[in-house]
Amino acid sequence: MKRLVEALFGLVALTGLPYLIYLGAYYLRRPSGTPANTRPREPSVSIVLPTYNEAAIVESKLEELVELDYPMEKVEIVVVDSSDDGTAELVETFFAGRPEPELTLIREDERRGLATALNDAYAAAENEVVVKTDCDSRLAPDAVRKAVANLADPDVEAVTGRNADVIGGSEVEQSYRDIQTMIQILESHIDSTLIFHGPFSAFERDAIVPIDEDSIADDSELALKIRRNGGRAVFDPEIHYKEAAHSEFGKRREQKDRRAMGLLRLLWRQRDALGRHGNYGRVVLPFNWWFMIVSPWLVGAGLALATLGSLAVLGPAGLLTPAGVLAFTALGSRDALGPIQPLYSLFDTQISLLRASVSLIRARADGDEETHDGTWSTDDELREVLQ
């Protein structure tokens, strides 16, 4: 029994040590804002908007884009569409008679996945800066202006922003995003950040390279490849957007697990970047490997060990341990944990990463990796929140 307890405490310590080191680094450096040397400028901008069956929300998204605080005569909207619900026709109607911004509409006869669609859209974009956004998000009016100010720094070739307000009021997602903001600010000041966000990312057009056709972490993959090619990819917490998200555990699983799967596969495919590209490969990537690949298995092992230990000592009463975990999950998914809600947000993310790891391992063993392609399905409930 003593060895069991020692093993459990050892697992907890091993799991938490890198986070304590990163937290210590954050409070020692106290980074804030973007590390880029920003300056005002107004380059030409192409805004890429991939769409699939977005008829319910595409017009409101386009209204948002044409009302951005940026000169529309310098803006091109690139819509790449594979819908069968009339989304493309709504886009054409919206721009009919508008002298600006310019519309480039790419119609796809068949749905080939988001990464392929983005490669086509990026290739068609003609302006100096390329901004990628999603239909199911909302941007702050000054988002593009702040992004191009970051890209004025000759070392910075990619920038992403912050989910400042989760549409739908999910405290689970908001708590996690607040923690993620701290991590990404520190990463950007150390070198570059790994995770780029679909609702808003901006790139120097000349820095863009093709992404894998089956990618399900397209924005982060492009940022990683840009860093490998010598540019910096940073996070600016002053670039704000909003994105809808679920709180309830079951509904969050598909959304979270898919994101986790994409990032895990990206890290594995780009594993040769570890130790290279300055502090990005020596500090940022190793931390993300620990957080996304190693730590979830340690959390799973710790829960299993705690359950076994409780059963060994308390007999049937030891079932109180897994019951407590289930109660913690149930309350957390309902945003009912008060001051410890952020702890549940981290736990929820670790569970998603563990589930995604298992799914990828099974797919690899079965030879079915191609089933995890770049297509996505619309979430009607979240779209209702947006409307």
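Residues numbered from 1 in each chain as written. Predicted model: local features only at pLDDT ≥ 70, side-chain atom pairs only at ≥ 80, totals over all residues. Heavy atoms only, no water.

In the nomenclature of an unreviewed UniProt entry, the chain corresponds to Family 2 glycosyl transferase from the organism Haloterrigena salina JCM 13891.

Draft legend 1. How the structure looks around the overall build of the chain. Each helix and strand in the chain was counted, giving 12 helices and 8 strands. Residues classed as buried in the chain amount to 55% of the 387 residues present. Pairs at least 24 apart in sequence give 82% of the contacts found in the chain among residues at least 6 apart. Carbon and sulfur atoms make up 55% of the accessible area of the chain, which amounts to about 17,100 Å² in all. (Helix = DSSP H or I, 4+ residues; strand = E, 2+ residues; numbered from the N terminus. Buried < 20%, exposed > 50% of the residue type's maximum accessible area, 1.4 Å probe, protein only. Contact = heavy atoms within 4.5 Å. Areas by Shrake-Rupley, 256 points an atom, 1.4 Å probe, with all protein chains shown as cover.)

Draft legend 2. Fine view of the pattern of salt bridges. As enumerated under the stated definition, the model contains 22 salt bridges in all. Note that Arg-145 is salt-bridged to Glu-42, the shortest N-O span being 3.1 Å. Here the residue Arg-145 occupies a position in helix α5 (residues 143–150), and Glu-42 occupies one in the loop between α1 (2–29) and β1 (45–51), the gap between them amounting to 103 residues. Owing to a relative accessible area of 26%, Arg-145 belongs among the partly exposed residues under this scheme. On the basis of relative accessibility, which here comes to 36%, the residue Glu-42 falls in the partly exposed class. Note that Arg-227 is salt-bridged to Asp-191, the shortest N-O span being 2.7 Å. Of this pair, Arg-227 sits in helix α7 (residues 218–228) while Asp-191 is found in the loop between α6 (171–190) and β7 (201–204), placing the two residues 36 residues apart along the sequence. The exposure classification of Arg-227 matches that of Asp-191, with both residues buried. Within the structure, one salt-bridge network assembled from shared partners comprises Asp-212, Asp-214, Glu-221, Lys-225 and Arg-269. (Salt bridge = Lys/Arg side-chain N within 4 Å of Asp/Glu carboxyl O.)

Draft legend 3. View of the side chain of Glu-221. Inspection of the secondary structure puts Glu-221 in helix α7. Look past the residues within four positions of Glu-221 in its chain and what remains in contact with it is Ile-211, Asp-212, Ser-215 and Leu-266.

Draft legend 4. Region of interest: the packing of aromatic side chains. Counted under the stated rule, the structure contains 8 aromatic pairs. A ring pair is formed by Tyr-122 and Phe-203, whose centres lie 6.3 Å apart and whose planes are at 70°; its orientation type is edge-to-face. Separated by 81 residues along the polypeptide, Tyr-122 in helix α4 (residues 114–124) and Phe-203 in strand β7 bring together distant segments of the chain. An identical accessibility class is assigned to Tyr-122 and Phe-203; each is buried. Between Phe-196 and Phe-203, the aromatic rings sit 5.9 Å apart at their centres with planes inclined by 25°, giving stacked as the arrangement. Of the two residues examined, Phe-196 and Phe-203, each falls in the buried class. An aromatic cluster is present here, built from Tyr-122, Phe-196 and Phe-203 joined pairwise through their rings. Sitting over the face of the ring of Phe-94, Arg-98 holds its NZ or CZ atom 4.2 Å from the ring centroid. Over the face of the ring belonging to Trp-268 we find Arg-271, whose NZ or CZ atom lies 4.0 Å from the ring centre. (Phe/Tyr/Trp six-rings, centres within 6.5 Å; stacked < 30°, edge-to-face > 60°. Lys NZ or Arg CZ within 6 Å of the ring centre and 35° of its normal.)

Draft legend 5. Here's a closer look at the pairing of β7. Here β7 shows two buried faces, one formed by Ser-201 and Phe-203 and the other by Ala-202 and Glu-204. Direction of pairing for strand β4 (residues 129–132) relative to β7: antiparallel, over a ladder of 4 bridges. Directly across from Val-129, in β7, lies its bridge partner Glu-204. (Pairing = 2+ DSSP bridges.)

Draft legend 6. Up close: helix α3 (residues 87–95). All buried positions along α3 are accounted for by Thr-87, Ala-88, Val-91, Phe-94 and Phe-95. Looking straight down α3, one finds that the buried residues subtend no more than 120° of arc, so they occupy a single side. The elements touched by buried residues of α3 are β1, α2 (58–66), β2 (75–81) and β3 (102–107). Within two residues after α3, Gly-97 carries a phi angle of roughly 85°, on the positive side. (Arc of directions from axis to C-beta.)

Draft legend 7. Region of interest: the packing of α2 against α3. Two elements in contact, α2 and α3, have axes separated by 10 Å at closest approach and are oriented at 35°. As for how α2 packs across α3, the hand of that crossing is right-handed. Side by side, α2 and α3 meet where Val-58, Glu-59, Leu-62, Glu-63 and Val-66 of the first sit next to Thr-87, Leu-90, Val-91, Phe-94 and Phe-95 of the second. (Axes fitted to C-alpha atoms, helices over the stretch in contact; angles between N-to-C directions. Left-handed = near helix turned anticlockwise from the far one by under 90°.)

Draft legend 8. Inspection of the nonpolar core at higher detail. If you look at the biggest cluster of nonpolar residues, it comprises 34 residues, and the most contacted ones within it are Leu-62 and Phe-200. Breaking this core down by element, the ones donating at least two residues are β1, α2, β2, α3, β4, α5, β6 (156–167) and β8 (232–244). Once residues lying within four places of it in the same chain are set aside, the contact partners of Phe-200 are Val-131, Lys-132, Leu-139, Ala-143, Val-144, Ala-147, Thr-160, Gly-161, Ile-239 and Tyr-241. Listed in part, the 27 residues of the second largest apolar core include Tyr-22, Phe-287, Leu-353 and Ala-356. (Core = buried A, V, L, I, M, F, W, Y, C linked by side-chain atoms within 4.5 Å.)

Draft legend 9. Region of the structure containing a nonpolar patch on the surface. A surface patch of nonpolar side chains, about 300 Å² in accessible area, is lined by Leu-20, Leu-23 and Tyr-27. Within the element layout of this structure, Leu-23 appears in helix α1. A relative accessible area of 39% means that Leu-23 is categorised as partly exposed. (Patch = residues over 30% accessible without salt bridge, like charges linked within 9 Å, V, L, I, M, F, W, Y side chains within 5 Å.)

Draft legend 10. Quick look at unusual backbone geometry. Residues Glu-100 and Pro-101 are joined by a peptide bond in cis, for which omega reads -5°. Looking at the element boundaries, Pro-101 is found in the loop between α3 and β3. Positive phi, close to 65°, is recorded for His-277, a residue that is not glycine. Considering the arrangement of structural elements, one finds His-277 in the loop between α8 (249–269) and α9 (279–314).

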